[in-house]
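What follows is each chain in one-letter form.
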There are 2 protein chains.
Amino acid sequence: MLHQSAISSHSPIGVFDSGVGGLTVVRQLRQLLPNEHIIYFGDTARVPYGTKSEPTVRKYAAEDTALLLRYEPKLIVIACNTVSALALDTVQETAKGVGVLGVIKAGATLAIEKSEHKRIGVIGTQATIASYAYQRELHRLNKDVQVFAKACPLFVPLAEEGFATHEASKLIAKEYLAELLDSRIDALILGCTHYPLLKPTIQDVVGKSVELIDSAEAVAREVKAHLAQQQLLSDATPQPPRVLVSDMPQRFRTVAERFLGMELGEIELVAL
Amino acid sequence: MLHQSAISSHSPIGVFDSGVGGLTVVRQLRQLLPNEHIIYFGDTARVPYGTKSEPTVRKYAAEDTALLLRYEPKLIVIACNTVSALALDTVQETAKGVGVLGVIKAGATLAIEKSEHKRIGVIGTQATIASYAYQRELHRLNKDVQVFAKACPLFVPLAEEGFATHEASKLIAKEYLAELLDSRIDALILGCTHYPLLKPTIQDVVGKSVELIDSAEAVAREVKAHLAQQQLLSDATPQPPRVLVSDMPQRFRTVAERFLGMELGEIELVAL
């Protein structure tokens, strides 16, 4: 049980993602759990994961987890939907006894709760949708649910480039979401960390009768419940999250602050 | 002079790119030089490079070059504009005596040739544009040229997702290209391997008075001139290109064939 001995309520929560998108999870965690110390790692040198194969995503996920373990976290949160979908078991094995929470189970649970007619849409990266992870999890929770899934790969670059509310994004959203609307869904899981930035555009296209399920918000609730149950909730003084990245590209700070919704202090460049 | 001894006219041409986009260069090479054997490597496990930092692009470029050297090429072609812009010297050092051609010099030379009023626009990834490599090369070739540059990061995912001629791409192109048009350019360098797929959309937005410069076409001409000068042109029977990748994601073949303009045989997965 590596690291277990060092864990206390004051240990940090480790959060990782393929890049900057997981900062939407950090944002939700900070709102719900302001006293927690968060260490975030974004694998910006190899982003994105969502267009890559399962073996490659597993390899990267193991390396990301090993990096977070250096900081002796009390819990590891997989902010990346693609990793949660394809490599949850890899992260659990690598984490050796440290608790691991992913966004898939959290998002699926919240969707079932909010959907009246149990007709649920899921959107995400190609890798996430092709893995059937959301579909499986939803059926495990409720065998009568009908699930309609669609990969929306352009939403990630549109969000990163600040086009989230642009007319072009609306045109693309209309095209991507047409078949989900034809299927009369009443809830739609935003199964990618970037998608919350497109919420107004997506809501506009799907209409008010469809409830948007933010998996970042959902996982923050699960983290709180998990820490409470383990008696690991912190009462420390709030402090800004520590942000680590594997590459520091142009404009990283601007994009990161857009996702986090606050100004960032030092951003640390680390080697995997 | 590593590998030099093994080089002959029948040695392959090694071409590499961050991903699938460099197949537009292979397509041009095959048209112009049908008797050449081409080995292509796409670093699909770490694509894209154009949003990453110079140190990371240099590291990846050195590893890509080392991989191609295993096949004893007579020439290495950097199909990736980002690598040509940020890491040409790194590739040259790693190639140890094997000739190296990048797309930047080729594209700049062709643009000067085609532009009447020497008002030239350049579009590319964030990293390419921020490097000033095209701007520097154009000024080196002709000190009176006026250069106007603009990063168009969404063009890459739009091309990969098959949205090249979609109305949304036209809206985005209009926004990206407005300031270049205000500057009354008469030639526009497509400084990214993906952009040739958007040619009809870009031409539509900039109008017929602006000549589009395809750097893939330009580098193919330079390769022919270089091999002729070195007496290394092949007269072998035409054969399909050999395609190596570092990751084999979903739908890779479909996207690759769209860029190459032909059906592909076996695609080989290699470790860096």
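Residues numbered from 1 in each chain as written. Chains lettered and ligands numbered in written order. Predicted model: local features only at pLDDT ≥ 70, side-chain atom pairs only at ≥ 80, totals over all residues. Heavy atoms only, no water.

## Describing the layout of surface pockets
To locate leftover empty space, one rolls a probe as large as a water molecule over the atoms.
For step 1, the next point in the chain: Approximately 620 Å³ is the volume found for the largest pocket.
For step 2, the next point in the chain: In terms of lining residues, the largest pocket is bounded by 29 residues, among which Arg 46, Lys 59 and Tyr 60 of chain A together with Arg 46 and Lys 59 of chain B are the most central.
For step 3, the next point in the chain: Listed by contribution, the elements that provide at least two residues to the lining of the largest pocket are α2 (54-69) of chain A together with α2 (54-69) of chain B.
For step 4, the next point in the chain: Broken down by class, the residue content of the lining of the largest pocket amounts to 15 nonpolar, 5 polar and 9 charged. (1 Å grid on protein atoms, 1.4 Å probe; cavity = no way out; pocket = protein on both sides within 12 Å on 5 of 7 lines; lining within 4 Å. Points joined across faces, edges and corners; volume = space filled by probe spheres on them. Helix = DSSP H or I, 4+ residues; strand = E, 2+ residues; numbered from the N terminus. Nonpolar A, V, L, I, M, F, W, Y, C, P; charged D, E, K, R; others polar.)

## Re the relation of the copies chain A and chain B
For step 1, the next point in the chain: Its rotation angle being 180 degrees, the transformation that places chain A on chain B also includes 0.0 Å of axial translation and leaves an RMSD of 0.0 Å. On the angle and the small slide along the axis, the relation comes out as a two-fold axis.
For step 2, the next point in the chain: Both copies contact each other with a shared surface, as 100% of the interface residues of chain A are interface residues in chain B too. (Least-squares fit on C-alpha atoms with pLDDT ≥ 70 in both. Contact = heavy atoms within 4.5 Å.)

## Let's talk about the sheet that holds strand β8 (residues 211-214) of chain A
Residue and element names in this part refer to chain A.
For step 1, the next point in the chain: Strands sit in the order β6-β5-β7-β8 across an open sheet of 4 strands; the sheet is parallel. Looking at strand neighbours, the two that pair on one side only are β6 (146-151) and β8, the edges of this open sheet. The average angle at which neighbouring strand axes cross in this sheet is 25 degrees, direction not considered.
For step 2, the next point in the chain: Judged from the 5 bridges that link them, strand β5 (residues 119-124) and strand β7 (residues 187-191) form a sheet pairing that is parallel. Bridge pairing in β7 links Ile 120 to Ala 187.
For step 3, the next point in the chain: The sheet contacts of helix α6 (residues 133-141) involve β5, β6 and β7, and relative to β6 the element is tilted by about 165 degrees. (Pairing = 2+ DSSP bridges. Axes fitted to C-alpha atoms, helices over the stretch in contact; angles between N-to-C directions.)

## Concerning the packing of aromatic side chains
Centre-to-centre distance and the angle between the planes together describe a pair of aromatic rings.
Residues and elements named next belong to chain A.
For step 1, the next point in the chain: Summed over all chains, the structure comprises 8 aromatic pairs over all chains.
For step 2, the next point in the chain: A ring pair is formed by Tyr 49 and Tyr 60, whose centres lie 5.4 Å apart and whose planes are at 45 degrees; its orientation type is tilted. On the criterion of sequence distance, the pair formed by Tyr 49 in the loop between β2 (38-42) and α2 and Tyr 60 in helix α2 is long-range, its members being 11 residues apart. Tyr 60 matches Tyr 49 in its accessibility class, with the two residues each being buried. (Phe/Tyr/Trp six-rings, centres within 6.5 Å; stacked < 30°, edge-to-face > 60°. Buried < 20%, exposed > 50% of the residue type's maximum accessible area, 1.4 Å probe, protein only.)

## So, the pairing of β8 of chain A
The side chains of a regular strand alternate, first on one face of the sheet and then on the other.
Residues and elements named next belong to chain A.
For step 1, the next point in the chain: Note: β7 against β8, 4 bridges, orientation parallel. Bridge pairing in β8 places Ala 187 opposite Glu 211.
For step 2, the next point in the chain: The parallel pair β7 and β8, bridged by helix α9 (residues 199-206), forms a crossover whose chirality is right-handed. (Right-handed = clockwise from strand over helix to strand, strands pointing away.)

## Description of the confidence of the model for chain A
Detailed conclusions should not be drawn from predicted coordinates in areas where pLDDT is low.
For step 1, the next point in the chain: Confidence along chain A averages 95 in pLDDT terms, with 98% of residues attaining 70 or more.
For step 2, the next point in the chain: Scored as a complex, the prediction yields pTM 0.93 and ipTM 0.91. (pLDDT = per-residue confidence, 0-100.)

## A look at the interface of chain A and chain B
For step 1, the next point in the chain: Taken together, the contacts link 31 residues of chain A with 31 residues of chain B.
For step 2, the next point in the chain: Interface of chain A and chain B: buried area, both sides summed, is about 2,400 Å²; carbon and sulfur atoms make up 60% of it.
For step 3, the next point in the chain: Taken together, chain A and chain B are joined by 0 salt bridges.
For step 4, the next point in the chain: Run the count over chain A and chain B and you get 14 residue pairs in polar contact (both at pLDDT 80 or more).
For step 5, the next point in the chain: Listing elements by their share of the side of chain A that touches chain B, those giving two or more residues are α2, α5 (126-131), α7 (155-160) and α8 (167-182) of chain A.
For step 6, the next point in the chain: Considering every element that reaches the side of chain A that touches chain B, the biggest residue donor is α8 of chain A, with 6 residues.
For step 7, the next point in the chain: Its residues assigned to classes, the side of chain A that touches chain B comprises 16 nonpolar, 8 polar and 7 charged. (Buried area = accessible area lost by both parts, 1.4 Å probe. Salt bridge = Lys/Arg side-chain N within 4 Å of Asp/Glu carboxyl O. Polar contact = N/O pair within 3.5 Å; in protein donor to acceptor, adjacent residues only side chain to side chain.)

## Description of the nonpolar core
For step 1, the next point in the chain: One finds Phe 155 and Leu 177 of chain A together with Phe 155 and Leu 177 of chain B to be the most contacted residues of the largest nonpolar core, which totals 205 residues.
For step 2, the next point in the chain: When neighbours within four sequence positions are excluded, Leu 177 of chain A is seen to be in contact with Ile 123, Cys 152, Leu 188, Ile 202, Val 205 and Val 206 of chain A. (Core = buried A, V, L, I, M, F, W, Y, C linked by side-chain atoms within 4.5 Å.)

## Looking at the packing of helix α1 (residues 23-32) of chain B against helix α10 (residues 215-229) of chain B
Residue and element names in this part refer to chain B.
For step 1, the next point in the chain: Where α1 contacts α10, the axes come no closer than 8 Å and their chain directions differ by 45 degrees. Taken together, the axes of α1 and α10 lie oblique to each other. Seen from above, α1 lies across α10 with right-handed handedness. Side by side, α1 and α10 meet where Thr 24, Val 25, Gln 28, Leu 29 and Leu 32 of the first sit next to Ala 216, Glu 217, Val 219, Ala 220, Arg 221, Val 223 and Lys 224 of the second.
For step 2, the next point in the chain: Its residues placed into classes, the contact of α1 with α10 shows 7 nonpolar, 2 polar and 3 charged. (Parallel < 35°, antiparallel > 145°, perpendicular 65-115°, else oblique. Left-handed = near helix turned anticlockwise from the far one by under 90°.)

## With respect to the sheet that holds strand β1 (residues 13-17) of chain B
Residue and element names in this part refer to chain B.
For step 1, the next point in the chain: Taken in spatial order, the 6 strands make up an open sheet running β4-β3-β1-β2-β9-β10, and their pairing is parallel. At either end of the open sheet lies a strand with only one pairing partner, and these are β4 (99-102) and β10 (267-269). In this sheet, adjacent strand axes meet at a mean angle of 20 degrees when their direction is disregarded.
For step 2, the next point in the chain: As paired strands, strand β9 (residues 242-245) and β10 are joined by 3 bridges and run parallel to one another. Within β10, the residue paired with Val 243 across the bridge is Ile 267.

## Digging into unusual backbone geometry
Residue and element names in this part refer to chain A.
For step 1, the next point in the chain: Across the junction of Val 47 and Pro 48, the peptide omega takes the value -5 degrees, indicating a cis bond.
For step 2, the next point in the chain: Phi is positive for Lys 118, close to 55 degrees, though the residue is something other than glycine.
For step 3, the next point in the chain: Along the chain, Lys 118 falls in the loop between α4 (103-114) and β5.
For step 4, the next point in the chain: For Lys 118, a relative accessible area of 21% puts it in the partly exposed group.

## Some points on the pairing of β9 of chain B
All names here are of chain B.
For step 1, the next point in the chain: By the bridge criterion, 4 bridges tie strand β2 (residues 38-42) to β9 in an arrangement that is parallel. Paired with Gly 42 across the strands is Val 245, a residue of β9.
For step 2, the next point in the chain: After leaving β9, the chain enters helix α11 (residues 252-260) and then returns to the sheet as β10, a path that is right-handed.

## Topic: the side chain of Thr 128 of chain B
Residues and elements named next belong to chain B.
For step 1, the next point in the chain: Of note, Thr 128 is situated in helix α5 (residues 126-131).
For step 2, the next point in the chain: A polar contact of 3.0 Å, which involves the side chain of Thr 128, links it to the side chain of Thr 125.
For step 3, the next point in the chain: Beyond its immediate stretch of four places on either side in the chain, Thr 128 contacts Asn 81, Thr 82, Ala 85, Leu 86, Ala 133, Tyr 134 and Gly 191.

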